[in-house]
Amino acid sequence: MFGNFGAFKKRGSLRYWILYLIYSKPMSGAEIMDEIEKHSFGLWRPSPGSIYPALETLLKEGLVNRRPDGRYELSEKGKEDLGINGMTQSDHLKTPESVIDEIYSYVQYLEDIVRKEGKLSESERRRLKDIADKIQEIEGI
């Protein structure tokens, strides 16, 4: 997704979720938890016990700033860490490669969930097949 997406994908850590999300707009810890839950299609909602210590670490490292309204925003150092200094989010989100990277990371995450919780429901399998069919249509364009 960003110039340093490989690090995001390999580490898969909460810190990069936070940095990515607050790059799009300043957010509070609760908003970050909501967004992670939304981005993971409801499969994961980090706890306050993981979000707030991670935010404190990012503050100490100088990667984020806390605004007077309590929201966190990405610092210049944070942008450098993500490899996005001087670029807008739309520069990265509109490339086919960045979309494919994001899809791939969700596939890996889904594999982990299925390994942990068992097989998918019939409706989930049907939805995945619809997605796979759509991707094949795109390949044929």
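Scroll up to find the structure.
Residues numbered from 1 in each chain as written. Predicted model: local features only at pLDDT ≥ 70, side-chain atom pairs only at ≥ 80, totals over all residues. Heavy atoms only, no water.

The full count for this structure, using the stated rule, is 13 salt bridges. When the shortest N-O distance is used, the salt bridge between Lys38 and Glu35 registers 3.5 Å. Highlighted residues: Lys38 and Glu35, both in helix α3 (residues 29-39), separated by 3 residues, approximately one helical turn. Take Lys38: its relative accessible area is 55%, and that puts it in the exposed class. In this structure, Lys79 engages Glu76 in a salt bridge whose closest nitrogen and oxygen atoms are separated by 3.3 Å. Linking Lys79 with Glu76, this pair stays in helix α5 (residues 76-82), spanning 3 residues, or about one helical turn. A relative accessible area of 24% means that Lys79 is categorised as partly exposed. Where salt bridges share partners, they join Glu31, Arg67, Asp69 and Arg71 into one cluster. (Salt bridge = Lys/Arg side-chain N within 4 Å of Asp/Glu carboxyl O. Helix = DSSP H or I, 4+ residues; strand = E, 2+ residues; numbered from the N terminus. Buried < 20%, exposed > 50% of the residue type's maximum accessible area, 1.4 Å probe, protein only.)

Checked against the element boundaries, Pro48 lands in helix α4 (residues 48-60). A C-alpha to C-alpha distance of 7.9 Å links Pro48 and Met33, two positions 15 residues apart in sequence. Excluding residues within four positions of it along the chain, Pro48 makes contact with Met33 and Pro53. (Contact = heavy atoms within 4.5 Å.)

As a further point, take the packing of aromatic side chains. Applying the stated criterion to the full structure yields 2 aromatic pairs. For the ring pair Trp17 and Trp44, a centre distance of 6.4 Å and an interplane angle of 65° mean the geometry is edge-to-face. Here the residue Trp17 occupies a position in helix α2 (residues 14-24), and Trp44 occupies one in the loop between α3 and α4, the gap between them amounting to 27 residues. When its relative accessible area of 29% is taken as the criterion, Trp44 is described as partly exposed. (Phe/Tyr/Trp six-rings, centres within 6.5 Å; stacked < 30°, edge-to-face > 60°.)

Any functional reading would require information that these geometric values do not contain.
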